[in-house]
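Below are the chains, spelled out letter by letter.
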Amino acid sequence: MKTESFLWGDLKKTAFPTLTTDISCTWLIVGGGIAGLSVAYYLLEAGETDIVVIEKDTIGSGSTGHSAGMLVYEPEQARWAEYTKKYGPRIARLYLQSQLNTLSLIQDIIKKERISCDYTGEYLLELADTKAEVQKIMKDATARQIMGLQENPLPKNTLPKALQAGGYLYAEKVNNEISLNPLAFARGFAKALKKRGVRIYEETPMLHIKKHVATTTKGTITFDQAFSCLGTADTASDIKKYITSICVTRKLTKSEIKTIGLTDKVMFLDDYNSSFMYGKVTADRRILFGFGDVLLTTNKIPNPYRPHIKEITQFTKKHFSAALPFTHSWSAAYALSKKDIPVVKKIANGFRINGGGTQISTMVAAGYAVSVALKKKHPLTNLFEK
Ligand SMILES: Cc1cc2nc3c(=O)[nH]c(=O)nc-3n(C[C@H](O)[C@H](O)[C@H](O)COP(=O)(O)OP(=O)(O)OC[C@H]3O[C@@H](n4cnc5c(N)ncnc54)[C@H](O)[C@@H]3O)c2cc1C
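As the structure is a prediction and not an experimental result, all values here were calculated from the model. (Residues numbered from 1 in each chain as written. Predicted model: local features only at pLDDT ≥ 70, side-chain atom pairs only at ≥ 80, totals over all residues. Heavy atoms only, no water.)

Asker: Can you lay out the site of the ligand for me, pointing to particular residues and giving the numbers?
Answerer: Around the ligand, a shell composed of 34 residues is seen, among which Glu55, Thr64, Met70, Met206 and Gln359 lie nearest. Lys56 has a polar backbone atom sitting 3.0 Å from a nitrogen atom of the ligand. Contact distances for the ligand include 2.9 Å between an oxygen atom and a backbone N or O atom of Ser63. Calculation on the ligand without its partners gives an accessible area of 1,000 Å², and the protein chains cover 94% of this total. When residues of the shell around the ligand are traced back to their parent elements, those giving at least two are helix H1 (34-45), helix H2 (63-66), strand S11 (239-249) and strand S15 (326-337). (Near = heavy atom within 4 Å. Polar contact = N/O pair within 3.5 Å; in protein donor to acceptor, adjacent residues only side chain to side chain. Areas by Shrake-Rupley, 256 points an atom, 1.4 Å probe, with all protein chains shown as cover. Helix = DSSP H or I, 4+ residues; strand = E, 2+ residues; numbered from the N terminus.)

Asker: Help me get a handle on the pattern of salt bridges, residues and values and all.
Answerer: Within this structure, the stated rule accounts for 16 salt bridges. Between Asp140 and Arg144 there is a salt bridge whose closest N-O contact spans 3.7 Å. Separated by four residues within a single helix, Asp140 and Arg144 lie in helix H4 (residues 131-146), roughly one turn from each other. Classification of Asp140 as buried rests on a relative accessible area of 2%. Several salt bridges converge on common partners, so that one network encompasses Glu74, Arg79, Glu126, Asp140 and Arg144. (Salt bridge = Lys/Arg side-chain N within 4 Å of Asp/Glu carboxyl O. Buried < 20%, exposed > 50% of the residue type's maximum accessible area, 1.4 Å probe, protein only.)

Asker: Summarise unusual backbone geometry; cite the residues concerned and give the values.
Answerer: For the bond from Asn303 to Pro304, the omega torsion is -5°, close enough to zero to count as cis. On the secondary structure map, Pro304 appears in the loop between strand S14 (287-295) and helix H8 (306-319). Even without being glycine, Asn176 reaches a positive phi, approximately 65°. Tracing the chain through its elements places Asn176 in strand S6 (residues 170-179). Positive phi, close to 65°, is recorded for Asn349, a residue that is not glycine. In this fold, Asn349 is placed in the loop between strand S16 (343-347) and strand S17 (350-354). A relative accessible area of 21% places Asn349 in the partly exposed class.

As structure tokens, then:
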């Protein structure tokens with residue numbers, strides 16, 4: 001299989017300057033992924049100014065830009081049924097609502113700022129091919145229903161023919177999700193923040209922080225409060241790091257997609273071989289398959305991670321009958337909180353955010369962290385402080 005590796009764009013292309021002098025600011029954000037950018041956004045929305053974001057490589061070049069761009073309101077750490085059980089329906093509902101609000105916010109930002117990122121509103125099919133999986137998905141759907149959302153069960157005979165043939169027994173259709181090009185979104189988001197006065201520096205790695213001074217390779221930044229949003233470069237012990245991999249097919253015709261049993265508005269998720277398989281139809285009508293979570297035990301991320309590519313190939317043969325040629329494949333890592341909610345921690349002179357696992361949970365955590373920094377009330381205090 002010959003692949004062109006990465007699909008979403010040129011990760012090395014810069015759009016912002018590098019810091020070359022000493023500067024000062026009120027708010028320093030270290031890390032230009034979705035966490036760092038969202039912190040800048042929420043600070044602006046709260047009326048704050050004098051904000052600096054520094055990114056060691058380019059905006060979105062970490063987990064954010066490598067992701068599948070399936071923006072869903074299913075947290076990575078646990079299922080809704082577990083949240084309702086552990087935190088009670090009221091708090092679980094607030095968490096769910098904040099995730100749904102974040103999805104609407106993203107749509108608004110994309111529209112208002114005219115961010116060109118292949119945005120489409122899609123639905124997610126949670127697929128089950130064993131009776132045990134059917135039970136698990138139904139339990140989750142019931143939990144969502146308790147929290148006020150509609151259940152949309154798709155029994156076997158209503159599934160697209162190709163999915164039936166692939167052995168699926170059941171699916172739950174989850175509406176109101178988003179598909180986009182995550183690198184293009186992060187870059188467009190950063191440009192919108194810049195227009196509102198945020199100073200953004202790329203290729204500006206933070207080397208260390210001492211009291212209120214951060215040292216980068218070519219200048220220092222004196223700040224009042226900092227947000228550490230380092231993604232997988234974070235070495236704290238409250239997060240785990242996983243490798244996950246993506247394979248993408250060539251562009252398909254509408255009828256090819258239909259024959260395979262999908263529409264161009266669908267994303268899917270399937271518990272598979274003690275991990276999970278996820279996927280979507282992209283705006284240019286490719287099928288993107290993602291697989292995995294393997295614990296990352298070294299600092300070096302194997303790209304592509306061959307065992308995952310093998311799993312994806314086997315999966316497509318089993319469930320999508322036509323083993324499609326892939327044109328792109330890559331692997332990358334992301335950080336996941338060891339608890340069932342993202343990490344938002346007070347550190348010396350600021351806050352640390354990580355381990356959201358999904359972009360939506362990460363944005364929710366960023367919003368919460370900003371409220372705490374500004375000593376404002378937040379509906380999720382009971383969740384994050386439990
Ligand atoms: C292959 C893959 C597929 C995924 N698919 C999805 C998906 O479909 N949907 C979804 O919701 N989530 C998905 N995720 C997870 C999601 O991408 C992450 O949870 C989220 O993007 C994390 O955002 P972040 O800002 O915390 O981290 P990052 O995006 O990694 O941002 C951290 C940034 O900090 C920078 N940095 C690190 N150290 C320094 C330093 N010293 N100085 C300055 N900058 C520094 C890094 O360069 C990086 O850009 C996927 C992840 C992967 C890897």
